[in-house]
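The chain contents come next:
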Amino acid sequence: MSTVTINGRVETLPDDPEALLVDVIRDQMNLTGTKLVCGAGVCGACTVLLDGVPVVSCLMPAKAVAGRTVTTVEGIGGTKLHPIQRAFMALDALQCGFCTPGFVVEAVAFHDGWRKAKGAAVPSREEIGAALSGHLCRCGAYDNILHAVAEACSGRFDGDETVPPRLEARDKVTGSAKYTVDIHHDGQLEGLIVRSHIAHGRIVELDLAPARAMPGVMAVISLLGDDSTVRYVGEPIAAIAAKDHKAARDAAAAIGIKCKPLPSVVGLDAARKPGAALVFEKSSRKKAGNVSEGSPAPAPWKQNVRGPSGAFSHKASKVRSAIAAAAETHDPLLVEGVFRTAGQSHSCLEPHVTVARFDGDRLTLHVSTQAVFHLMELIAKRYKLSHDKVRVIADHVGGGFGSKGSLGLDTIAAIELAREARAPVRIALDRHEEQCVTGHRPATEISIALLPSREGRLKALSLTAYSDNGAAINSTIAALARLIYPAEAKQLTDFDVISNLPPGAPFRGPGGPPMAFALEQAVDEAALRMQVDPISLRKRWDTDPNRQRLYDWAAGLEVWRIAKGATAQSGRYRRPVIK
């Protein structure tokens, strides 16, 4: 029988040849500071020290550590924290904290080696960056992380602890912070969602009986809607709760699914073609998801295109006539262009995860959510429960970025499985599900026309946006241009394009980044044609006092002051020339 020493404790290794070190650490020893994120050794969240050397535990076979010594984040520091931990706390080198334990473990190894070899000399950002290059922080705390490691190596944090700006900082740097994915109740079952493998089809037969008969399976439910139609790869069909994930996977494979494929369309161009296959028939349009944070306003549908929505336009007819006249006379100040942006995944490091437990008629949910109270209200309404019968808990959330603000089908499935199994159920999406079916910032196509007057005012602005929403509606992109650059007239038009892709979701300033991408490039081009400084033009057109201060700050930066004017360039990628 093989053993390993983890944080000074001798632990028996499992006989399973497929067991990984991360399984032993998290599941067998309940040391949840070690986080499983990518499962491919690229994010660094599961880093531990193996005989003092940093390794990723998600790729390390458990049998390979027999007779060796492992240190997790819980084994670092003890009652007196390590200088790295104190630096991370004091200098706010963390945000959601899900990646923090992995960074801390790697940084401790670097710090100790550096101090042994070079004393209190301060390492360069490049040296620290090279040491931490195997780690990802989805929140983007890199600058503070690099600063914290440098300051710790200088000896600044060798003494007493300082008061951190975050109340939860100590828990996050020591690995004691419990995220939803770390919650475990006695008798807890593992849930799994069975998903569609085709982009569009009708389920004509769903046989759950073989899965119910599998060993270790406690509950199996259907997640199909009343029209039995799936509209994207990954759409939920059924869900299973079993004693462990392996039993759930085996049961999923036993479910009998017969599907009639239907024509599908994927992407902006295919969905807008004349005669394109319909994603939603008129009778099923209410099943479309919502890519925004608000409720959708009424808008016309034509095939797979919903819109136009132009409630925030101002003197739209004047825009059309001014731009048409400028185009006819070849006015050199008229800026026109079409900009496209790709879809973006939220890529939360903690997956979407729910742990559901019933105690009599009381429902307790641990959910990785950005909207605890809102979620409680939605669940109470859906299941006709009073508010005091539903408790939603999210002690820490390992990233959300907008994708964890609504009631997802993974949470619904966990609730219904827990009710049927009469036991706590956890559903944690795997990395593939997290990247594919939890929402995304939709791809866009934005047509813009911007016309300055001869006197230098912004005379007319036209912005038309098509949002590649997947199986969802309610994009707001062009309308956001009402918030900046007052113009004499604006025509702001939004269209939803629905296709057989997973539905999009709100994502950090929903609609704002693609709108700004197109608009700001058009403003830069206008400045070039008007032969004025781009920042000066923004100060002229944008009256917001807060942004005025931002423009003044940017104009004072050395990198801006020494930049040369535009030079002849060609090719897809272009950069300003710096002296």
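Note: the structure precedes this text.
Okay, so let's go over this structure.

The rules behind the values
- Residues numbered from 1 in each chain as written.
- Predicted model: local features only at pLDDT ≥ 70, side-chain atom pairs only at ≥ 80, totals over all residues.
- Heavy atoms only, no water.
- Buried < 20%, exposed > 50% of the residue type's maximum accessible area, 1.4 Å probe, protein only.
- Helix = DSSP H or I, 4+ residues; strand = E, 2+ residues; numbered from the N terminus.
- Arc of directions from axis to C-beta.
- Contact = heavy atoms within 4.5 Å.
- Patch = residues over 30% accessible without salt bridge, like charges linked within 9 Å, V, L, I, M, F, W, Y side chains within 5 Å.
- Areas by Shrake-Rupley, 256 points an atom, 1.4 Å probe, with all protein chains shown as cover.
- Salt bridge = Lys/Arg side-chain N within 4 Å of Asp/Glu carboxyl O.
- Lys, Arg positive; Asp, Glu negative; His and termini not counted.
- Charge placed at Lys NZ, Arg CZ, Asp CG, Glu CD.
- Pairing = 2+ DSSP bridges.
- Axes fitted to C-alpha atoms, helices over the stretch in contact; angles between N-to-C directions.
- Phe/Tyr/Trp six-rings, centres within 6.5 Å; stacked < 30°, edge-to-face > 60°.
- Lys NZ or Arg CZ within 6 Å of the ring centre and 35° of its normal.
- Polar contact = N/O pair within 3.5 Å; in protein donor to acceptor, adjacent residues only side chain to side chain.
- Parallel < 35°, antiparallel > 145°, perpendicular 65-115°, else oblique.
- Left-handed = near helix turned anticlockwise from the far one by under 90°.
- Nonpolar A, V, L, I, M, F, W, Y, C, P; charged D, E, K, R; others polar.

Moving on, we come to helix α11 (residues 372-382). Looking only at α11, the buried set comprises L375, M376, I379 and A380. Axial view of α11: buried residues confined to an arc of 130 degrees, hence all on one face. Turned more than 90 degrees off the buried face of α11, the exposed positions are F373 and K381. If you follow the buried residues of α11, they end up packed against β18 (362-367), β19 (390-393) and α12 (409-421).

Tracing the chain through its elements places S292 in the loop between β12 (289-290) and β13 (301-302). With 212 residues separating them in the primary sequence, S292 and G504 have C-alpha atoms 8.5 Å apart. Contact partners of S292, with chain neighbours within four places excluded, come to N474, T476 and P506.

Quick look at a negative patch on the surface now. There is a patch of like negative charges on the surface, built from D15, D16, E18, D23 and D27. Its place among the elements puts D16 in the loop between β2 (9-12) and α1 (21-28). Note on D16: relative accessible area 44%, which makes it partly exposed.

Before going further, it helps to spend a moment on the pairing of strand β25 (residues 489-498). By the criterion of burial, β25 is predominantly enclosed, with 10 of the 10 residues buried. In β25, alternate side chains face the same way, and those of A489, Q491, T493, F495 and V497 on one face and K490, L492, D494, D496 and I498 on the other are all buried. Where strand β14 (residues 305-309) and β25 come together, 3 bridges link them in antiparallel fashion. Directly across from R306, in β25, lies its bridge partner D496.

This part covers the pairing of strand β17 (residues 353-359). The pairing of β17 with strand β20 (residues 425-428) spans 4 bridges and is classified as antiparallel. Bridge pairing in β20 places V353 opposite A428. Relative to β18, β17 runs antiparallel, the two sharing 6 bridges. Of the residues in β18, the one forming a bridge with A356 is L365. With antiparallel pairing between neighbouring strands as the criterion, β17 and β18 make up a hairpin whose turn holds 2 residues, including G360 at a positive phi of roughly 65 degrees.

On to the sheet that holds β19. On the basis of which strands lie adjacent, the open sheet formed by 7 strands has the order β8-β10-β6-β20-β17-β18-β19 and mixed pairing. Bordering the open sheet on either side are β8 (217-222) and β19, each of which pairs with just one other strand. Across the sheet, the mean angle from the axis of one strand to that of its neighbour is 20 degrees, orientation sign disregarded. Here strand β6 (residues 189-195) runs beside β20; their pairing, made up of 3 bridges, is parallel. By the bridge assignment, E190 is partnered in β20 with R426. Against the sheet, helix α8 (residues 245-254) makes contact with β6, β8 and β10 (236-242), and its axis sits at roughly 30 degrees relative to β6, the strand it touches most.

On to the packing of aromatic side chains. One pass over the full model with this rule turns up 5 aromatic pairs. Residue placement shows R272 over the ring face of Y466; its charged tip is 4.7 Å from the ring centre.

Here T229 lies in strand β9 (residues 229-230). Within the structure, the side chain of T229 is placed 3.0 Å from the backbone oxygen of D227, a separation counted as a polar contact. Other than its neighbours up to four places away in sequence, T229 contacts H200, G201, R202 and E235.

Another aspect to go through is the packing of helix α2 (residues 83-90) against helix α5 (residues 142-153). Look at α2 against α5: their axes get within 9 Å of each other, and the N-to-C directions meet at 135 degrees. One way to sum up the angle between α2 and α5 is to call them oblique. α2 and α5 meet at a crossing whose hand is right-handed. In this structure, α2 contributes P83, I84, A87 and F88 to the contact, and α5 contributes I145, A148, V149 and A152. Classifying every residue of the contact of α2 with α5 by side-chain character gives 8 nonpolar, no polar and no charged.

With that settled, consider the pattern of salt bridges. Counting across every chain of the model gives 32 salt bridges. For R454, the salt bridge is made with D331, and the minimal N-O distance between the two is 3.0 Å. Of this pair, R454 sits in the loop between β22 (443-452) and β23 (458-470) while D331 sits in the loop between α10 (316-328) and β15 (335-341), placing them 123 residues apart in sequence. When its relative accessible area of 17% is taken as the criterion, D331 is described as buried. One salt-bridge network, in which partners are shared between bridges, spans D92, R166, E168 and K172.

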